[in-house]
Amino acid sequence: MTKFPYNETVLEHFKRPHNVGELEDPDGKAIEGSPACGDMVSVTIKVEPDTNVIDDIKFQSYGCASNIATGSISTDRAKGKTLDDAKKVTWKQAADELGGLPAIKAHCSVLAVEGLRAAIRDYEERHGLVTEREPTTRKTIEKRLKHVMNPLMGLDIVRTDLVKDFSLEDGAVKVVVDLDESHQFAQAIKDDIAEKIEPLWDVKLVEVEFAG
Ligand code: FES
């Protein structure tokens, strides 16, 4: 018989995860997808602006038990901490605190913690807290596009070849998407692209063109 891969702590967090859901009017939010398995996690945070303390945090997982358990424990650790301290929560710590996860499931923990970090980053960008202001390059844009989900496939729009082309000129970003404008997911993809790219400090305009 195959040995069951999860210990009691993991199962407890999986069955009764903490901080599950989505905050209304969050101050920071992110959806991250795993290239390894195609699963997704979303994280929303409320931040006290005077102290930069995370007042509240919720996550939603479309991933497996390891992902849900890591989401539960890492959001527990982040709650009540400053943004800087919450950034120090690592997937390894979370996995250790859960009493260990199967090695094959490391990417699930990484995904949960990346969701937390991306929500913090989103807050920082929107509130002018990013200090290392590197100029946006094509590489930056491509990286951001890899965080825009293709709801048809559950993977990002770059890996699923939905991005036909993109350009960056004088702070104006144009993305050409290989879908018809009337496609049921066109608007959602357009909004997601704008949401991921607009916070970049030196981007002034984001344009999405559908050429399906
Ligand atoms: Fe996808 Fe675990 S297998 S999050």
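Residues numbered from 1 in each chain as written. Predicted model: local features only at pLDDT ≥ 70, side-chain atom pairs only at ≥ 80, totals over all residues. Heavy atoms only, no water.

### Thoughts on the overall build of the chain
Rules: Helix numbers and strand numbers start at the N terminus; a helix is a DSSP run of H or I with at least 4 residues, a strand a run of E with at least 2. The quantity called the radius of gyration is restricted to C-alpha atoms. Its globule counterpart is 2.2 Å times the number of residues to the power 0.38. Only protein chains enter the accessibility calculation, which uses a 1.4 Å probe. A residue is then buried if its area is under 20% of the maximum for its type, exposed if over 50%, and partly exposed in between. We call two residues in contact when some of their heavy atoms are within 4.5 Å. All accessibility values rest on the Shrake-Rupley procedure with a 1.4 Å probe; residue burial counts only the protein chains present in the view. Positive residues here are Lys and Arg, negative ones are Asp and Glu, while His and the chain termini are left out of the count. A charged residue contributes its charge at one atom only: NZ of Lys, CZ of Arg, CG of Asp or CD of Glu.
What the chain contains, in helices and strands, is seven helices and eight strands. Since a compact globule built from 212 residues should have a radius of gyration of about 17 Å, the 18 Å found for the chain is in line with a globular shape. Counting only C-alpha atoms and orienting by the principal axes, one finds that the chain spans roughly 50 × 50 × 30 Å. A total of 212 residues make up the chain; the buried ones form 43% of that total. If you take every contact in the chain between residues at least 6 apart in sequence, the share linking residues at least 24 apart comes to 63%. On the chain, roughly 11400 Å² of surface is accessible, and the fraction owed to carbon and sulfur atoms is 50%. Separation of charge centres in the chain, based on 28 positive and 39 negative side chains, amounts to 5 Å.

### Focus: helix 7 (residues 186-197)
How we decide: Helix span, as expected, comes to 1.5 Å for every residue beyond the first.
If you check helix 7, its first and last C-alpha atoms are 17 Å apart, about what 12 residues at 1.5 Å a residue would give, namely 16 Å. Taken together, the buried positions of helix 7 are occupied by Ala 186, Ile 189, Asp 192, Ile 193, Ala 194, Lys 196 and Ile 197. Buried positions along helix 7 lie against strand 1 (28-33), helix 6 (138-145), strand 4 (149-150), strand 7 (172-177) and strand 8 (205-210).

### Observations regarding the side chain of Ser 72
The line we're drawing: For this analysis, a polar contact is any N or O atom pair within 3.5 Å, provided that within protein one partner can donate a hydrogen and the other can accept it, and provided that sequence-adjacent residues contribute only side-chain to side-chain pairs.
Relative to the assigned elements, Ser 72 resides in helix 2 (residues 65-78). Accessibility expressed as a relative area gives 0% for Ser 72, which makes it buried. Engagement of the side chain of Ser 72 in a polar contact is seen with the backbone nitrogen of His 18, the distance being 3.0 Å. Dropping the residues within four chain positions of it, Ser 72 is found in contact with His 13, Pro 17, His 18, Asn 19 and Phe 59.

### Side note on unusual backbone geometry
In this model, Asn 19 sits at a positive phi of 60°, which is unusual for a non-glycine residue. Tracing the backbone through its elements, the reader meets Asn 19 in the loop between helix 1 (8-15) and strand 1. In this structure, Asp 25 is a non-glycine residue whose phi angle is positive, near 45°. Assignment of secondary structure puts Asp 25 in the loop between helix 1 and strand 1. With relative accessibility at 62%, the residue Asp 25 sits in the exposed group.

### What to know about the pattern of salt bridges
Put simply, the test is: Any carboxyl oxygen of Asp or Glu within 4 Å of a side-chain nitrogen of Lys or Arg constitutes a salt bridge here.
Counted according to the given criterion, the structure contains 14 salt bridges. Between Lys 92 and Asp 96 there is a salt bridge whose closest N-O contact spans 3.5 Å. On the criterion of helical spacing, the pair formed by Lys 92 and Asp 96 is a turn pair, its members being four residues apart in helix 4 (residues 91-97). Judged by its relative accessible area of 48%, Asp 96 falls in the partly exposed class. For Glu 209, the salt bridge identified is with Lys 174, shortest N-O distance 2.9 Å. With Glu 209 in strand 8 and Lys 174 in strand 7, the pair connects residues that are 35 residues apart, well separated along the chain. By relative accessible area, which is 28% here, Lys 174 ends up partly exposed. Beyond isolated ion pairs, a larger network of salt bridges with shared partners links Asp 84, Lys 87 and Glu 124.

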